[in-house]
Amino acid sequence: MTTKTRVEIPSLQKVYEKYFNIGAAVNPRTIESQQDLLATHFNSITAENDMKFERLQPEEGHFTFGKADTLAAFARENRMKMRGHTLVWHNQTPAWVFQDSNGEMVTRDQLLHRRKEHITTVVQRYKGQIYCWDVVNEAIKDEGPELFRETKWLEIIGEDYIEKAFEFAHAADPDALFFYNDYNESDPQKREKIYKLVKSLVDKDVPIHGVGLQAHWNLVNPSLKDIRTAIERYASLGLKLHLTELDVSVFNFGDKRADLMEPTPEMLELQAERYHQVFHLLREYQDSITSVTFWGAADDYSWLSNFPVKGRKNWPFLFDENHQPKDSFWKVVQFL
Ligand code: HAH
């Protein structure tokens, strides 16, 4: 028996109880390997991949809910909320959706019908459990003056593909909340384009309730000033804001270095300071921000360990590879 007193680790979710939900993206492996950590510190989960179109309907009319149901059961057993991700996206959507049996492009009506089937089936299945959905993901073009990303959805249906998705979702579950979700959300140019799209939806009385800020950030970008401006701009539409995919990469986006086996002390120090400043800012906007979800939970698993540099390890979270709190964690739970 050791007599050394152990430092109590506060529960992140409890510390933030009066501010916002604290979420994590999960998959069937991490709900096992990170089970205790998730149950202690998080009160919301999002399926990292298992509710995307290609996972739920890989072939027409053939729905595969097994893994999604496993994650939903995990949320119920641990009394966690669940966010749904995502109904309409240009990625991870199977090719059959846009083709007829001859391999020709489907018509607008056919595509709308398939979309309605998909959204209705999926949203109704998790009605009463999934309280909010990322209905449309990443529809805005990153660079240049054009508003919309060029996708098959846009090409075949036209610009109203976005509002139609929200209408189908709302009809399937009138009680759920529906979000538009995007990345580079704090970049001034893209911010204004996202604002313009979302405002047009609000002005048309489309059933949209919130904006999802993915928040894939790093040690320096985006600036706190740009994050603040983005929050204020989206909140001015009278919608709720969720940070939906937060992580703080220890690499700048263009940095291709791939030889680090562990984070440097300097990286960890900068990350702690960054998390400190970010959560200080988020607390200021607690009236608008109702949920903050990390795109993972601890440094043993992150999509960033494969993106944008394949096989390069990253350490973006508050908990290390052994699920122990990092300096970043302490900065987030101590409101200084
Ligand atoms: C996100 N895209 C997606 O929303 C999510 O579903 C996926 O699991 C991971 C990240 C972010 C993204 C980016 O940061 C840069 C380029 C493309 C996509």
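Reading the values: rules and limits
- Residues numbered from 1 in each chain as written.
- Predicted model: local features only at pLDDT ≥ 70, side-chain atom pairs only at ≥ 80, totals over all residues.
- Heavy atoms only, no water.
- Buried < 20%, exposed > 50% of the residue type's maximum accessible area, 1.4 Å probe, protein only.
- Helix = DSSP H or I, 4+ residues; strand = E, 2+ residues; numbered from the N terminus.
- Pairing = 2+ DSSP bridges.
- Right-handed = clockwise from strand over helix to strand, strands pointing away.
- Expected span 1.5 Å × (residues − 1).
- Contact = heavy atoms within 4.5 Å.
- Near = heavy atom within 4 Å.
- Polar contact = N/O pair within 3.5 Å; in protein donor to acceptor, adjacent residues only side chain to side chain.
- Areas by Shrake-Rupley, 256 points an atom, 1.4 Å probe, with all protein chains shown as cover.
- 1 Å grid on protein atoms, 1.4 Å probe; cavity = no way out; pocket = protein on both sides within 12 Å on 5 of 7 lines; lining within 4 Å.
- Sits in = over half its atoms within 2 Å of the grid points.
- Salt bridge = Lys/Arg side-chain N within 4 Å of Asp/Glu carboxyl O.
- Points joined across faces, edges and corners; volume = space filled by probe spheres on them.
- Nonpolar A, V, L, I, M, F, W, Y, C, P; charged D, E, K, R; others polar.
- Core = buried A, V, L, I, M, F, W, Y, C linked by side-chain atoms within 4.5 Å.

Focus on the pairing of strand 4 (residues 130–137)
Okay, step 1: Counting buried positions over the eight residues of strand 4 gives eight, a clear majority of the element.
Okay, step 2: Across five bridges, the pairing between strand 3 (residues 81–88) and strand 4 is parallel. If you follow His85 over to strand 4, its bridge partner there is Asp134.
Okay, step 3: At this point the chain moves from strand 3, through helix 6 (residues 108–125), to the parallel strand 4, and the crossover so formed is right-handed.
Okay, step 4: Pairing of strand 4 with strand 5 (residues 177–182), which is carried by five bridges, proceeds in the parallel orientation.

Here we look at unusual backbone geometry
Okay, step 1: The omega torsion of the bond from His85 to Thr86 falls at 0 degrees, within 30 degrees of zero and hence cis.
Okay, step 2: By the secondary structure assignment, Thr86 is in strand 3.
Okay, step 3: At the junction of Asn221 and Pro222, the peptide bond is cis and its omega measures out at -10 degrees in the coordinates.
Okay, step 4: Relative to the assigned elements, Pro222 resides in the loop between strand 7 (216–218) and helix 10 (224–235).
Okay, step 5: The phi angle at Asn184 is positive, at roughly 50 degrees, despite the residue not being glycine.
Okay, step 6: With respect to the secondary-structure elements, Asn184 resides in the loop between strand 5 and helix 9 (188–203).
Okay, step 7: Asn184 sits in the partly exposed class, given a relative accessible area of 40%.
Okay, step 8: Phi at Ala215 takes a positive value of approximately 65 degrees, unusual for a residue other than glycine.
Okay, step 9: Summarising the element assignment, Ala215 is placed in the loop between strand 6 (210–213) and strand 7.
Okay, step 10: Here Ala215 falls in the buried class, since its relative accessible area comes to 0%.

What about the pairing of strand 1 (residues 21–26)?
Okay, step 1: The buried count for strand 1 comes to six of six residues, which makes it a mostly enclosed element.
Okay, step 2: Covered by surrounding structure in strand 1 are Asn21, Gly23 and Ala25 together with Ile22, Ala24 and Val26, the residues of both alternating faces.
Okay, step 3: As defined by bridge partners, strand 1 adjoins strand 9 (residues 289–294) across four bridges and the pair is classed as parallel. Residue pairing in the sheet places Ala24 in a bridge with Phe294 of strand 9.
Okay, step 4: Pairing between strand 1 and strand 2 (residues 44–47): four bridges, direction parallel. When the sheet's bridge partners are listed, Ala25 is paired in strand 2 with Thr46.

Describing helix 8 (residues 161–172)
Side chains that are three or four residues apart share a direction in an α-helix, a result of its 3.6 residues per turn.
Okay, step 1: In this model, helix 8 (twelve residues) spans 17 Å end to end at C-alpha, consistent with the 16 Å of a helix rising 1.5 Å per residue.
Okay, step 2: Close packing links the buried residues of helix 8 with strand 3, helix 6, strand 4, helix 7 (152–157), strand 5 and helix 9.

Some words on the site of the ligand
Okay, step 1: The ligand sits among 13 residues. The nearest are Lys52, His85, Asn137, Glu138 and Glu245.
Okay, step 2: Contact between the ligand and Glu138: a nitrogen atom at 2.8 Å from a side-chain N or O atom of the residue.
Okay, step 3: Contact with the protein chains removes 83% of the 430 Å² of surface that the ligand exposes when unbound.
Okay, step 4: Applying the majority rule of atoms within 2 Å of the grid points places the ligand in the largest pocket.

Quick look at the pattern of salt bridges
Oppositely charged side chains can pair when the atoms bearing their charge come close.
Okay, step 1: Evaluated as defined, the whole model comprises 18 salt bridges.
Okay, step 2: Across the salt bridge formed by Arg108 and Asp160, the nearest N and O atoms sit 2.9 Å from each other. Note that Arg108 is positioned in helix 6 and Asp160 in the loop between helix 7 and helix 8, a separation of 52 residues in sequence.
Okay, step 3: On the accessibility criterion, Arg108 (30% relative accessible area) is partly exposed.
Okay, step 4: Look at Asp160 and you get partly exposed, because its relative accessible area is 21%.
Okay, step 5: Close ionic contact of Lys141 with Glu150 constitutes a salt bridge, the shortest N to O distance being 3.2 Å.
Okay, step 6: Lys141 sits in the partly exposed class, given a relative accessible area of 23%.

Digging into the layout of surface pockets
Okay, step 1: There is about 900 Å³ of room inside the largest pocket.
Okay, step 2: In terms of lining residues, the largest pocket is bounded by 36 residues, among which Tyr183, His216, Phe253, Trp303 and Phe307 are the most central.
Okay, step 3: Contributions of two or more residues to the lining of the largest pocket are made by strand 7 and strand 8 (240–249).
Okay, step 4: Here the residues of the lining of the largest pocket sort into 13 nonpolar, 14 polar and nine charged.
Okay, step 5: One number sums up the size of the second largest pocket: a volume of about 350 Å³.
Okay, step 6: Lining the second largest pocket are 16 residues, with Arg6, Ile9, His323, Gln324 and Pro325 positioned closest to its centre.
Okay, step 7: In terms of residues, the lining of the second largest pocket owes the most to one element, helix 3 (residues 35–41), which gives five residues.

Some remarks on the nonpolar core
Okay, step 1: Formed by 100 residues in total, the largest nonpolar core has its most connected members in Trp133, Phe166, Tyr180, Phe279 and Phe294.
Okay, step 2: For this core, the leading source of residues is helix 8, giving seven residues.
Okay, step 3: Not counting the four nearest positions on each side in its chain, Tyr180 is found in contact with Val136, Glu138, Ala139, Ile140, Phe166, Ile194, Leu197, Val198, Ile208, Gly210, Val211 and Gly212.

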